[in-house]
Amino acid sequence: MSVSEKSVLNQKAESSAWKPKIIGFCCNWCSYAGADLAGISRFKQPPYLRIIRVPCSGRVNPVYVLRAFQKGADGVLVAGCHPGDCHYATGNYFTRRRFLIFKRLLEYVGFEPGRFQARWISGAEGQKFADNTKKVVDDIKTLGPNKRMRLDSIPQIKY
Amino acid sequence: MKKVIENLRETAARLLQNKEAEVVIGWGLGSEAVRTQPVFITSPDNVDKLVWNPFCVNGLTKYLSDLKTRPGKIAVVVKGCDSRGIYRLTQDNIIPRDKVVVIGIPCAGQMSYTKLASKMDVSGQLNDVEDKGEDLLIKTSKGDFTVKKSEVLLDKCLTCEHHNPVVADHVVGDTINTCPTPDNYEEIKKFEAMSTEEKARFWLSQFERCIRCYACRNICPGCTCRECIFDAIKPDWVGKEINVSENELFHLTRAFHLAGRCVDCGECDRVCPMDIPIRLLNKKLLKDCKELFNMEPPGSTEEGGSVLGQYRLEDPEEFM
Amino acid sequence: MANKSLKKVQLKSLLDKIAGSGQLIAPIQSDGITLFKPVQSGEGVVLDYQNAVIPPKDFFFPQSEKMFSYDTSDPTWAIKPEEGVPERVLFGARPCDVKSILLLDKVFDAEFRDDIYIDKRNKTTIIAVSCNDCRHTCFCGAFGISPGEAEGADLLFTDLGGRYLVEVLTDKGSTLAAECSDLLSDDDGNGPAAKEKAVAPAKEKQMNIDLEGVKAKLDNMFEHPIWAEESLRCLGCGTCTFICPTCHCFDIVDFNNQSSIGYRYRCADSCQFANFTRAAGGHQPRPSKMERIRQRFMHKLRYFVDRYGDFGCVGCGRCLEKCPVNLDIAQIINKVKEVG
Ligand code: SF4
Ligand code: SF4
Ligand code: SF4
Ligand code: SF4
Ligand code: SF4
């Protein structure tokens with residue numbers, strides 16, 4: 001088996017000890033507020049989403065997504081205001097184009113569909129935030145741990 | 001071909017004579033029969049160095065970005081595909097349109113060095129090329145060779161959308177009337193149809209062998225950032241280490257930075273020393289931008305810009 | 001030790017045997033290009049190739065390699081050296097590439113001794129293979145290298161049609177030959193003459209480049225306009241230097257995955273990159289492509305001679321073939337001879 005073949009496929013969770021690590025880039029004005037609302041409303045959601053607050057979903061550079069995978073994320077979510085509601089008026093229209101394309105690129109080179117997701121969640125949608133977190137976590141659990149791009153598990157051959 | 005060369009040299013001499021341009025960037029004979037090399041002509045006495053033949057593969061527009069601080073105007077010779085690079089550079093505000101004098105040559109197709117080298121002795125010096133319809137008669141100091149055009153044509157020329165340059169201040173050569181053959185992305189569809197596992201296996205083995213020489217970036221008329229993300233040291237966005245992960249980060253980022261901006265000149269693919277099919281990534285992005293946002297081939301009109309730097313309210317919605 | 005002979009049909013068994021008792025590195029076909037890779041057996045090893053895209057230099061001086069690692073949660077903060085390579089055999093190196101390793105020895109194993117390199121060197125037995133045919137870009141003859149000689153290798157194989165002539169060049173080679181003695185027989189004495197004939201086509205076909213007077217001329221060409229002229233078309237990519245068997249410049253970088261564990265690695269760097277000479281504070285002693293191109297050719301054809309008494313190029317032809325803008329070192333040599 002060549003080096004790449006070994007690293008190609010993400011083996012399914014070998015042990016039940018594995019807990020998914022999901023990075024969520026959430027815009028300050030909507031999705032982050034939505035997360036807040038989900039919290040104060042005490043909606044139940046699995047504790048695997050680690051949120052990074054960004055000013056706007058348009059701030060999310062696709063390199064951040066790849067970097068997250070490199071550093072060990074099992075899944076990445078980008079969440080922002082509904083189109084039309086952007087705090088900066090148009091930021092998320094750019095986000096939409098960008099990640100429609102980027103998601104397809106990732107899948108084209110063999111990332112499993114679902115590893116990367118994007119979602120519009122407003123500040124009033126606490127329930128949607130919690131439901132979405134559940135969905136993302138379920139998806140990632142089905143996919144298992146991500147090995148692709150992880151810097152701490154690059155196959156090393158000695159030569 | 002002879003008439004085109006004469007015309008080209010005359011035009012170049014006139015531009016230099018009248019100070020309409022300070023330098024003419026074109027192709028000159030290379031060190032082997034079926035190679036040309038970029039030449040930079042500054043005096044009307046040297047225009048004889050300029051040539052035109054089916055081996056003028058190099059895209060020359062990127063040099064505009066190198067030379068943009070030179071005083072005076074810069075003339076550059078372009079084929080159809082290269083000409084889209086002119087609009088890439090002007091849309092990106094790399095160089096003002098009125099600083100550039102575009103000499104366009106309608107092009108029926110260029111021949112691949114690699115394919116030619118497997119069919120003939122390419123080591124001599126080129127004396128002449130004759131177009132015999134289906135065949136090319138290549139006369140070199142090591143003998144004459146006849147090759148079938150269809151066997152040595154660059155792949156990109158099979159799906160050429162602009163045989164005639166989209167922009168030219170001076171056209172040398174006759175307009176080409178063969179119908180443009182836009183890509184229907186059959187090949188990309190084949191790759192899209194593969195299973196996730198097959199895709200991963202294919203791409204990771206390609207990324208793994210990249211040596212990060214950045215030839216693909218350096219030839220690209222869309223890669224003109226003052227400081228490239230791959231050169232940045234603080235922060236070091238992409239590690240310098242050569243491994244499959246950093247290489248993949250490089251490849252996906254490079255491709256994505258060209259999404260909606262790549263003019264599909266195919267140069268990155270040609271220059272890669274490791275034969276990585278970079279074009280399959282660019283083509284995928286072209287296809288998606290076309291399907292999702294109805295994008296024209298980038299660089300084919302003066303207006304426009306980057307598809308990802310624009311939006312429409314009615315863009316497809318998948319994230320609701 | 002006397003010359004040996006190996007039946008061609010036995011070659012695979014020989015490689016299988018070597019692979020079975022240690023690491024074997026050999027040229028294989030990988031997605032359309034020839035590359036040296038560690039292999040598990042003789043299956044798929046290509047023999048009639050003309051130079052791999054990446055030279056076997058990579059097994060002595062990899063494009064990127066870890067130097068040591070550390071863990072700051074360990075109270076002693078001990079530096080953990082990298083485990084070395086296993087004992088291995090490099091099969092199929094061409095004479096030019098073998099010579100390039102001797103040149104690297106001058107850099108890494110002389111005045112300054114580079115342990116990581118030397119470890120790899122000591123643990124590798126090199127089996128060179130003569131060239132029966134060559135690429136039209138080859139010009140090893142210019143540097144006194146012959147397609148049928150491989151000083152620096154431990155064994156030299158030459159394809160004589162039905163059999164290989166096996167020349168034993170060093171003690172290491174003789175040990176390996178002894179281990180494989182069941183597959184080898186003694187040469188009947190006709191080997192050397194047959195070899196001359198076998199490599200004649202390669203000698204004939206390669207470019208004839210004469211280096212007479214080039215070094216002396218370059219000594220006075222630092223300010224010559226040729227560099228500005230030739231560098232105009234250069235893209236400043238790393239192709240020519242990264243595929244060159246003698247280029248050996250590297251950069252040292254620390255990596256930390258935002259945890260207590262980190263490592264230091266070195267990776268090839270290229271004098272054609274702008275960042276190569278950029279100093280802290282932004283000073284740039286080689287600000288344009290002119291200085292960088294001059295550096296590359298001067299290093300190979302002048303400075304290396306001054307410092308180590310040999311040219312820093314072996315005429316493998318890789319850079320000629322792969323440079324995207326046809327900046328051809330052989331052509332440069334000829335131009336240097338012509339200009340005033
Ligand atoms: S793509 Fe078109 S214009 Fe470009 S080289 Fe091929 S035929 Fe000529
Ligand atoms: S040209 Fe090829 S090898 Fe060089 S950086 Fe680009 S993809 Fe990698
Ligand atoms: S990405 Fe490649 S094909 Fe696209 S413009 Fe750049 S060099 Fe040309
Ligand atoms: S000489 Fe050629 S291969 Fe080397 S940096 Fe310049 S363009 Fe790249
Ligand atoms: S400079 Fe070119 S020809 Fe000389 S050893 Fe390096 S790659 Fe080979």
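Caption draft 1: Structural detail: the overall build of chain C. On a plain count of helices and strands, chain C comes out with 11 helices and 12 strands. The proportion of buried residues among the 340 residues of chain C is 56%. Partitioning the contacts of chain C with sequence separation of at least 6, the portion at a separation of at least 24 is 73%. Taken as a whole, chain C presents about 14,300 Å² of accessible surface, with 51% of it coming from carbon and sulfur. Charged side chains in chain C number 42 positive and 47 negative. The centres of these two groups are separated by 3 Å.

Caption draft 2: Structural view of helix α1 (residues 2–17) of chain B. All names here are of chain B. Helix length check: α1, at 16 residues, gives a terminal C-alpha distance of 22 Å against a target of 22 Å (1.5 Å per residue), a fit within 8%. The complete set of buried residues in α1 reads V4, I5, L8, T11, A12, A13, L15 and L16. Taken from the residues just after α1, K19 is the one with a positive phi, measuring 60 degrees.

Caption draft 3: Here's a closer look at the site of ligand 1. Residues and elements named next belong to chain B. If you check the shell around ligand 1, you find K79, G80, C81, C107, A108, G109, Q110, K156, C157, C160, H162 and H163 and nothing else. Among the secondary structure elements, those contributing two or more residues to the shell around ligand 1 are α3 (80–91) and α6 (155–158). The class makeup of the residues in the shell around ligand 1 is 5 nonpolar, 5 polar and 2 charged.

Caption draft 4: Up close: unusual backbone geometry. Cis peptide bonds are those with omega within 30 degrees of zero, and the linkage from K234 of chain B to P235 of chain B qualifies with -5 degrees. With respect to the element layout, P235 of chain B can be found in the loop between α9 (215–218) and α10 (244–257). Positive phi, close to 75 degrees, is recorded for A89 of chain A, a residue that is not glycine. Among the structural elements, A89 of chain A can be located in the loop between β3 (75–80) and α4 (91–108). Look at A89 of chain A and you get partly exposed, because its relative accessible area is 47%.

Caption draft 5: Broad picture of the packing of helix α2 (residues 31–40) of chain A against helix α5 (residues 126–143) of chain A. All names here are of chain A. Axis separation between α2 and α5 bottoms out at 7 Å; the angle between their running directions is 90 degrees. Overall, the two elements α2 and α5 adopt an arrangement that is roughly perpendicular. Packed against α2, whose contacting residues are S31, G34, A35, L37 and A38, the element α5 presents G126, F129 and A130 at the interface.

Caption draft 6: Spatial organisation of the domain arrangement of chain B. Residues and elements named next belong to chain B. For chain B, the assigned domains are domain 1 (2–109 + 161–171) and domain 2 (186–309). One C-alpha centre belongs to domain 1, the other to domain 2; they are set 26 Å apart. Facing the 19 residues of domain 1 at the interface are 24 residues of domain 2. Across the domain 1 to domain 2 interface the summed buried area is about 1,700 Å²; carbon plus sulfur atoms make up 51%. Where R261 meets D92, a salt bridge forms, and the shortest distance between an N and an O atom there is 2.6 Å. At the boundary of domain 1 and domain 2, one finds 13 residue pairs in polar contact (both at pLDDT 80 or more). Elements supplying a minimum of two residues to the side of domain 1 that touches domain 2: α2 (62–67) and α3. For the side of domain 1 that touches domain 2, the element with the most residues is α3, which contributes 7 residues. Residues that form the side of domain 1 that touches domain 2 fall into these classes: 6 nonpolar, 7 polar and 6 charged.

Caption draft 7: Region of interest: the domain arrangement of chain C. Residue and element names in this part refer to chain C. Partitioning chain C into domains gives domain 1 (4–54 + 83–205) and domain 2 (214–250 + 269–338). If you average the C-alpha positions of domain 1 and of domain 2, the two centres end up 29 Å apart. At the interface, 21 residues of domain 1 touch 22 residues of domain 2. Among the residues domain 1 hides against domain 2, the three largest losses belong to L103, F139 and F143. Together they make up 29% of the total. Applying the counting criterion to the domain 1 and domain 2 interface returns 3 salt bridges. The partner of R318 in a salt bridge is D97, and the shortest N-O contact between them spans 2.9 Å. Our count for the contact surface shared by domain 1 and domain 2 stands at 11 residue pairs in polar contact (both at pLDDT 80 or more).

Caption draft 8: Quick look at the site of ligand 5. Around ligand 5, the surrounding shell consists of F139, C244, P245, K300, C313, V314, G315, C316, G317, R318, C319 and I329 of chain C. In terms of residue class, the shell around ligand 5 is built from 8 nonpolar, 2 polar and 2 charged.

Caption draft 9: Looking closely at the state of the cysteines. Scanning the model with the defined rule gives 1 disulfide over all chains in all. As a non-bridged cysteine, C225 of chain B has C228 of chain B as the owner of its nearest cysteine sulfur, 6.4 Å distant. With no disulfide of its own, C247 of chain C lies closest to C244 of chain C among cysteine sulfurs, the gap being 3.9 Å.

Caption draft 10: View of the interface of chain B and chain A. On the chain A side, the residues contacting the 46 residues of chain B number 43 residues. When the two sides are added together, the surface that chain B and chain A hide from each other amounts to roughly 4,400 Å², 67% of it contributed by carbon and sulfur. Taken as a group, F256, Y311 and F319 of chain B account for 18% of the area that chain B buries against chain A, more than any other trio of residues on that side. Between the two partners, chain B and chain A, sit 4 salt bridges.

Caption draft 11: Structural view of helix α11 (residues 329–338) of chain C. Residue and element names in this part refer to chain C. Listed in full, the buried residues belonging to α11 are I329, A330, I332, I333 and V336. Looking straight down α11, one finds its buried side chains confined to an arc of 160 degrees; they lie on one side. Buried-residue contacts for α11 involve α6 (214–218), α7 (226–231), α9 (289–308) and α10 (318–322). The opening residue of α11, the one whose side-chain oxygen lies 2.8 Å from the backbone nitrogen of A330, is D328.

Caption draft 12: How the structure looks around the sheet that holds strand β7 (residues 143–148) of chain B. Residue and element names in this part refer to chain B. Across the sheet, 3 strands lie side by side as β5-β6-β7; this open sheet has antiparallel pairing. The outermost strands of the open sheet, each flanked by one partner alone, are β5 (126–132) and β7. In this sheet, neighbouring strand axes are inclined to one another by 15 degrees on average, regardless of whether the strands run parallel or antiparallel. Strand direction decides the pairing type here: β5 and strand β6 (residues 135–140), joined by 6 bridges, are antiparallel. Counted as the bridge partner of E130 is L137 from β6.

Caption draft 13: The arrangement of the pairing of β7 of chain B in detail. Residue and element names in this part refer to chain B. In terms of strand pairing, β6 meets β7 through 6 bridges, oriented antiparallel. Residue pairing in the sheet places L136 in a bridge with V147 of β7. Between the antiparallel neighbours β6 and β7 lie 2 residues.

Caption draft 14: View of the nonpolar core. Of all hydrophobic cores here, the largest spans 180 residues; its most connected members are I101 of chain A, V24, I25, W52, L64 and M274 of chain B together with F139 of chain C. Considering each element in turn, this core owes the most residues, 8 residues, to helix α12 (residues 278–293) of chain B. What L64 of chain B contacts, discounting residues up to four positions off in sequence, is I25, I74, V76, I86, L89, I95 and V100 of chain B. With 25 residues, the next largest nonpolar core counts L6, L11, F91 and C180 of chain C among its residues.

Caption draft 15: The arrangement of the packing of aromatic side chains in detail. All chains considered together, the criterion is met by 35 aromatic pairs over all chains. Geometrically, the ring pair formed by F94 of chain A and Y311 of chain B is edge-to-face, given 5.1 Å between the ring centres and 80 degrees between the ring planes. Of this pair, F94 of chain A sits in helix α4 while Y311 of chain B sits in the segment after α12, on two different chains. Look at F94 of chain A and you get partly exposed, because its relative accessible area is 22%. The exposure class of Y311 of chain B is partly exposed, given its relative accessible area of 29%. Taken together, a centroid distance of 5.0 Å and an interplanar angle of 85 degrees make the contact between F202 of chain B and W203 of chain B edge-to-face. Since its relative accessible area comes to 1%, W203 of chain B is described here as buried.

Definitions and cut-offs
- Residues numbered from 1 in each chain as written.
- Chains lettered and ligands numbered in written order.
- Predicted model: local features only at pLDDT ≥ 70, side-chain atom pairs only at ≥ 80, totals over all residues.
- Heavy atoms only, no water.
- Helix = DSSP H or I, 4+ residues; strand = E, 2+ residues; numbered from the N terminus.
- Buried < 20%, exposed > 50% of the residue type's maximum accessible area, 1.4 Å probe, protein only.
- Contact = heavy atoms within 4.5 Å.
- Areas by Shrake-Rupley, 256 points an atom, 1.4 Å probe, with all protein chains shown as cover.
- Lys, Arg positive; Asp, Glu negative; His and termini not counted.
- Charge placed at Lys NZ, Arg CZ, Asp CG, Glu CD.
- Expected span 1.5 Å × (residues − 1).
- Near = heavy atom within 4 Å.
- Nonpolar A, V, L, I, M, F, W, Y, C, P; charged D, E, K, R; others polar.
- Axes fitted to C-alpha atoms, helices over the stretch in contact; angles between N-to-C directions.
- Parallel < 35°, antiparallel > 145°, perpendicular 65-115°, else oblique.
- Domains from an automatic or database assignment.
- Buried area = accessible area lost by both parts, 1.4 Å probe.
- Salt bridge = Lys/Arg side-chain N within 4 Å of Asp/Glu carboxyl O.
- Polar contact = N/O pair within 3.5 Å; in protein donor to acceptor, adjacent residues only side chain to side chain.
- Disulfide = S-S within 2.5 Å.
- Arc of directions from axis to C-beta.
- Pairing = 2+ DSSP bridges.
- Core = buried A, V, L, I, M, F, W, Y, C linked by side-chain atoms within 4.5 Å.
- Phe/Tyr/Trp six-rings, centres within 6.5 Å; stacked < 30°, edge-to-face > 60°.

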